[in-house]
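Okay, here's what each chain looks like letter by letter:
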Amino acid sequence: QVQLVESGGGSVQAGGSLRLSCQASGYTYSTDSMAWFRQAPGKEREGVADIDSDGRTRYGDSGKGRFTISRDNAKNTLYLQMNRLKPEDTAMYYCAASRFSWTVLGYAPGYNSWGQGTQVTVSS
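Definitions and cut-offs
- Residues numbered from 1 in each chain as written.
- Predicted model: local features only at pLDDT ≥ 70, side-chain atom pairs only at ≥ 80, totals over all residues.
- Heavy atoms only, no water.
- Helix = DSSP H or I, 4+ residues; strand = E, 2+ residues; numbered from the N terminus.
- Rg over C-alpha atoms; globule rule 2.2 N^0.38 Å.
- Buried < 20%, exposed > 50% of the residue type's maximum accessible area, 1.4 Å probe, protein only.
- Contact = heavy atoms within 4.5 Å.
- Areas by Shrake-Rupley, 256 points an atom, 1.4 Å probe, with all protein chains shown as cover.
- Lys, Arg positive; Asp, Glu negative; His and termini not counted.
- Salt bridge = Lys/Arg side-chain N within 4 Å of Asp/Glu carboxyl O.
- Polar contact = N/O pair within 3.5 Å; in protein donor to acceptor, adjacent residues only side chain to side chain.

(A) Summary view of the overall build of the chain. Broken down by element type, the chain carries zero helices and 11 strands. Each helix (α) and strand (β) of the chain, taken in turn from the N terminus, gives the series β-β-β-β-β-β-β-β-β-β-β. For the chain, whose C-alpha radius of gyration is 13 Å, the value lies close to the compact-globule estimate of 14 Å for 124 residues. If you line up the chain on its principal axes, its C-alpha atoms span 40 × 25 × 25 Å. Counting the 124 residues in the chain, one finds 42% classified as buried. Contacts in the chain between residues far apart in sequence, at least 24 positions, make up 60% of those at least 6 positions apart. Accessible surface, the chain: about 6,500 Å² in total, of which carbon and sulfur atoms supply 48%.

Here it is as structure tokens:
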């Protein structure tokens, strides 16, 4: 099992930027697909972006053009660079790992490892 710990969340004004990090441990990390999810109170968990073991990326409509997912396998770290943040981006952001690459972005049941989450709050 891959252990995941997120960091980098906080409070930012609309239009600002944040970079989230997910520190991973476990021998399967380099071959796992990784993803960022987010969940606001009272709403369903949403897939934000994912990246497979070959570095191929996908983005949901909400973050497309503003967010960038990347991974540094030498550091066992996943990143989410978020630019031009909006109040509707306010949510708890989670890092997740899957042994497999799924055909649909945001398929939460397909991920077997999850971090505790890091809060992102965007004010107007």
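Still more ground to cover, so stick around.
(B) Structural context of the side chain of Thr118. Note that Thr118 resides in strand β11 (residues 118-123). Classification of Thr118 as buried rests on a relative accessible area of 9%. Contact partners of Thr118, with chain neighbours within four places excluded, come to Glu6, Ser7, Gly8, Gly9, Leu20, Ala91, Met92 and Tyr93.

(C) View of the environment of Tyr29. Along the polypeptide, Tyr29 turns up in the loop between β3 (18-25) and β4 (33-39). Classification of Tyr29 as buried rests on a relative accessible area of 0%. As for Tyr29 and Gly42, which are separated by 13 residues in sequence, their C-alpha atoms are 31 Å apart. The residues contacting Tyr29, other than those within four sequence positions of it, are Val2, Ala24, Met34, Arg71, Asp72, Asn73, Asn76, Thr77 and Leu78.

(D) Layout of the side chain of Arg71. Looking at the secondary structure, you find Arg71 in strand β7 (residues 67-72). One buried charged side chain, Arg71, makes no salt bridge at all; its nearest oppositely charged neighbour is Asp52, positioned 6.1 Å away. Only 2.8 Å separates the side chain of Arg71 from the backbone oxygen of Asp32, close enough to count as a polar contact. Within the structure, Arg71 has its side chain in polar contact with the backbone oxygen of Asp52 (distance 3.1 Å). Not counting the four nearest positions on each side in its chain, Arg71 is found in contact with Tyr29, Ser30, Asp32, Ser33, Met34, Ile51, Asp52, Ser53, Thr77 and Leu78.

(E) Region of interest: the pattern of salt bridges. Throughout the structure, instances matching the rule amount to seven salt bridges. A salt bridge links Arg56 to Asp52, with the nearest nitrogen and oxygen atoms 2.7 Å apart. The exposure class assigned to Asp52 is buried, which follows from its relative accessible area of 9%. Notably, a salt bridge pairs Lys64 with Asp61, separated by 3.3 Å at the nearest N-O pair. Grouping residues by exposure puts Lys64 and Asp61 together as exposed. Taken together, the shared-partner salt bridges connect Arg38, Glu46, Arg66 and Asp89 into one network.

Everything listed is a geometric property; what it means functionally is a separate question.
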